[in-house]
Amino acid sequence: MTTPPGLRLGLLALGVAVALHGAARPALAADWTADPARSTIRFSGVQVGTPFTGRFERFEARIAFDADKPEAGRATVLIDLSSARTGDAQRDQALPQKDWFDVKAGPQARFEAARFVAKGGGDYEAVGTLTIRGTSRPLTLPFHLDLDGGQARATGRVTLVRTEFGVGQGAWASGQWVGLDVGVEIDLVARIQPPAGQ
């Protein structure tokens with residue numbers, strides 16, 4: 001029996017719609033959510049020749065990732081800049097202020113990874129964009145990933161130049177008192193999220 005032309009066009013349109021829907025949503029990418037209680041984001045720098053370290057006490061991370069198709073993954077990490085703690089009261093009071101993170105104008109740092117690149121041996125790169133103080137720049141974060149069933153642990157480190165994001169204004173912009181390089185270390189533990197309805 002010959003299929004009527006109208007029906008053929010309708011079936012073709014349905015097939016195209018299904019194909020596009022599948023392309024827009026990678027079927028293999030699993031959704032993961034970081035466990036803040038078991039995860040840390042730390043930073044390090046040098047002030048007047050003395051190294052210091054700190055951490056962000058509040059952040060969240062949402063990740064879509066599948067080891068068989070890392071290039072289809074994505075991630076969003078939001079960091080509450082007002083939660084920076086270094087153990088030095090004067091420094092901790094200064095960091096949220098206008099010369100540094102300026103949390104009144106932009107309370108969060110945002111890292112959006114558009115894809116992951118497998119490097120072998122459990123090593124990956126998250127390729128995306130980091131935004132601080134309204135300034136966005138490309139960032140590639142190398143990390144090592146351990147998968148154990150429904151749990152994942154990612155550890156990595158990257159060095160940023162703080163003035164590229166406007167962090168450190170006025171007398172603090174030269175690096176004379178506080179070094180320009182800032183190390184950022186991540187140790188994220190995440191759990192896979194069950195599909196909706198389960």
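Residues numbered from 1 in each chain as written. Predicted model: local features only at pLDDT ≥ 70, side-chain atom pairs only at ≥ 80, totals over all residues. Heavy atoms only, no water.

A. Looking closely at the overall build of the protein. The helix and strand inventory of the protein stands at two helices and 11 strands. Of all 198 residues assigned to the protein, the portion counted as buried reaches 36%. Partitioning the intrachain contacts of the protein with sequence separation of at least 6 by distance along the chain shows that 58% fall at a separation of at least 24. Carbon and sulfur atoms make up 55% of the accessible area of the protein, which totals about 11800 Å². (Helix = DSSP H or I, 4+ residues; strand = E, 2+ residues; numbered from the N terminus. Buried < 20%, exposed > 50% of the residue type's maximum accessible area, 1.4 Å probe, protein only. Contact = heavy atoms within 4.5 Å. Areas by Shrake-Rupley, 256 points an atom, 1.4 Å probe, with all protein chains shown as cover.)

B. Representation of the pairing of strand E3 (residues 50-56). Relative to E3, strand E2 (residues 40-47) runs antiparallel, the two being bridged by six bridges. Bridge pairing in E3 links Ser-44 to Thr-53. The hairpin formed by E2 and E3 contains two residues between the paired strands, and Val-48 there has a positive phi angle of roughly 50°. Here E3 pairs with strand E6 (residues 84-85) via two bridges, running antiparallel. Residue pairing across strands places Arg-55 opposite Arg-85, the latter belonging to E6. (Pairing = 2+ DSSP bridges.)

C. Quick look at the packing of aromatic side chains. Going through the model one piece at a time under the given rule, you end up with seven aromatic pairs. With centroids separated by 5.7 Å and ring planes inclined at 20°, the aromatic side chains of Tyr-124 and Phe-143 adopt a geometry described as stacked. Highlighted residues: Tyr-124 in strand E8 (residues 123-132) and Phe-143 in strand E9 (residues 135-148), separated in sequence by 19 residues. No difference in accessibility class separates Tyr-124 from Phe-143, as the two residues are buried. Members of the aromatic cluster, each reached through a chain of ring pairs, are Phe-65, Phe-116, Tyr-124 and Phe-143. The ring of Phe-52 carries the charged tip of Arg-91 above its face, separated from the ring centre by 4.2 Å. (Phe/Tyr/Trp six-rings, centres within 6.5 Å; stacked < 30°, edge-to-face > 60°. Lys NZ or Arg CZ within 6 Å of the ring centre and 35° of its normal.)

D. The pairing of E2, seen in detail. Relative to strand E11 (residues 181-192), E2 is paired through five bridges, and the arrangement is antiparallel. Each residue of the ladder has a partner; that of Ile-41, found in E11, is Ile-186.

E. Examining the pattern of salt bridges more closely. Following the criterion strictly, the structure yields seven salt bridges and no others. A salt bridge links Arg-153 to Asp-187; its shortest N-O distance comes to 2.6 Å. Taken together, the residues span a long stretch of sequence, with Arg-153 in strand E10 (residues 151-161) and Asp-187 in strand E11 at a distance of 34 residues. Assessed through its relative accessible area of 40%, Arg-153 is described here as partly exposed. When salt bridges that share partners are traced, they join Arg-55, Glu-57 and Arg-85 into one network. (Salt bridge = Lys/Arg side-chain N within 4 Å of Asp/Glu carboxyl O.)

F. Region of interest: the nonpolar core. Grouped together as the largest cluster of nonpolar side chains are 44 residues, with contacts concentrated most on Ile-41, Phe-56, Phe-101 and Phe-111. Tallying contributions element by element places E11 first for this core, with five residues. Non-local contacts of Phe-56, meaning those with residues more than four positions away in its chain, are made with Ile-41, Phe-43, Ile-79, Asp-80, Leu-81, Ser-83, Ala-84 and Phe-101. (Core = buried A, V, L, I, M, F, W, Y, C linked by side-chain atoms within 4.5 Å.)

G. Representation of the side chain of Asp-66 in the model. Topologically, Asp-66 is positioned in the loop between strand E4 (59-65) and strand E5 (74-80). In this structure Asp-66 is buried but unpaired, with Lys-69 as the nearest side chain of opposite charge at 8.9 Å. Within the structure, Asp-66 has its side chain in polar contact with the backbone nitrogen of Asp-68 (distance 2.8 Å). (Lys, Arg positive; Asp, Glu negative; His and termini not counted. Polar contact = N/O pair within 3.5 Å; in protein donor to acceptor, adjacent residues only side chain to side chain.)

H. The environment of Phe-65, seen in detail. Looking at the secondary structure, you find Phe-65 in strand E4. Residue classification places Phe-65 among the buried positions, given a relative accessible area of 6%. In this structure, the C-alpha to C-alpha distance between Phe-65 and Trp-32, residues 33 residues apart in sequence, is 7.4 Å.

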